[in-house]
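Residue-level structure breakdown
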Amino acid sequence: MTDNEIRTPRTPAEAFPLLKDAVLPIVEKNPEARAAFEAMRERGLSEDEAREEIARVLIAVMFHVGASSARLAAAGGGNGLRSEAFRRLSQGETAREIFED
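The residue numbers shown here count from 1 along each chain, following its written sequence. With pLDDT at 70 or above as the cut-off, local features in this predicted model cover only qualifying residues; side-chain atom pairs require 80 or more to be listed or tallied, and sums for whole chains, interfaces and linings still use all residues. Each side-chain value is derived from all of the structure's non-hydrogen atoms; neither hydrogens nor water enter the calculation.

1. As for the overall build of the protein
Note the following rule: Each helix is a run of H or I in the DSSP string that is no shorter than four residues. Each strand is a run of E no shorter than two, and both are numbered from the N terminus. Buried residues are those whose accessible area, probed at 1.4 Å on protein chains only, stays under 20% of the maximum for their type, while exposed residues exceed 50% and partly exposed ones sit between those limits. Contact definition: two residues touch when any of their heavy atoms are within 4.5 Å. Only the protein chains shown count as covering a residue, and every accessible area follows the Shrake-Rupley method with a 1.4 Å probe.
The secondary structure content of the protein amounts to 6 helices and 0 strands. Helices (α) and strands (β) of the protein occur, in sequence order from the N terminus, as α-α-α-α-α-α. Expressed as a percentage of its 101 residues, the buried residues of the protein come to 32%. Across the protein, the fraction of contacts at a sequence separation of at least 24, relative to all contacts at a separation of at least 6, is 52%. When the accessible surface of the protein is summed, it comes to about 6400 Å², and 51% of that surface belongs to carbon and sulfur atoms.

2. Notes on the nonpolar core
Selection criterion: Residues grouped as a nonpolar core are buried Ala, Val, Leu, Ile, Met, Phe, Trp, Tyr and Cys residues, joined through side-chain atoms within 4.5 Å.
Residues V23, I54, V57, L58, F86, L89 and F99 are the most contacted members of the largest nonpolar core, which totals 22 residues. Residue assignment for this core shows that the elements contributing at least two residues are α1 (12-29), α2 (31-42), α3 (47-67), α5 (78-90) and α6 (95-98). Ranked by residue count, the leading element in this core is α3, at 7 residues. Beyond its immediate sequence surroundings of up to four residues, F99 is in contact with V57, A60, V61, H64, R71, L81 and A85.

3. Remarks on α2
We apply this condition: Under the convention used throughout, the expected extent of a helix is 1.5 Å for every residue step, that is, one less than its residue count. Whenever two N or O atoms come within 3.5 Å, that pair is a polar contact, provided that in protein one can donate a hydrogen and the other can accept it, and provided that, for residues adjacent in sequence, both atoms are side-chain atoms.
In this model, α2 (12 residues) spans 16 Å end to end at C-alpha, consistent with the 16 Å of a helix rising 1.5 Å per residue. For α2, the side-chain oxygen to backbone nitrogen distance between the N-cap and E32 is 2.8 Å, and the N-cap itself is N30.

4. Details of the pattern of salt bridges
When their charged atoms lie close together, side chains carrying opposite charge are able to pair. Our working rule: For salt bridges, the criterion is a side-chain nitrogen of Lys or Arg within 4 Å of an Asp or Glu carboxyl oxygen.
On inspection of all chains with the given rule, the structure shows 7 salt bridges. One salt bridge in this structure joins D48 and R51, with 4.0 Å as the shortest N-O distance. Of the two residues, D48 and R51 both sit in helix α3, 3 residues apart, roughly one turn of that helix. Among the residues examined, D48 registers a relative accessible area of 40% and is labelled partly exposed. Here R51 falls in the buried class, since its relative accessible area comes to 11%. Between E93 and R88 there is a salt bridge, and its shortest N-O distance comes to 2.8 Å. Here E93 falls in the partly exposed class, since its relative accessible area comes to 24%. Residues participating in the shared-partner salt-bridge network are R71, E84, R88 and E93.

5. Section: the side chain of H64
Relative to the helices and strands, H64 is located in helix α3. Side-chain polar atoms of H64 contact the side chain of S69, separated by 2.7 Å.

6. Side note on the environment of S83
In this structure, S83 sits in helix α5. A sequence separation of 50 residues divides S83 from A33, and the C-alpha atoms of the two residues are 8.2 Å apart.

So yeah, pure geometry; function would need other evidence.
Right, here's the structure in full:
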């Protein structure tokens, strides 16, 4: 496989590492994601742990978007829910705590 080929996951176990790899470009381009990532690193999380938390937030937001959940509507849509989650990650919560409902 070349760098230009898209890697398509065949199993759920293959999907998470691909999303985790996609986190760094998101962190570079999204100020809220970057702030959350940097805050987690300052609290002592490893780079991999911080990337995993960002990936978990992205997965949870995708779930809420797909389900058209009440929480999504209350947050004003996917961007609002993602912003709220990144803010809460920055403040010390984990993705599990944020989306445990």
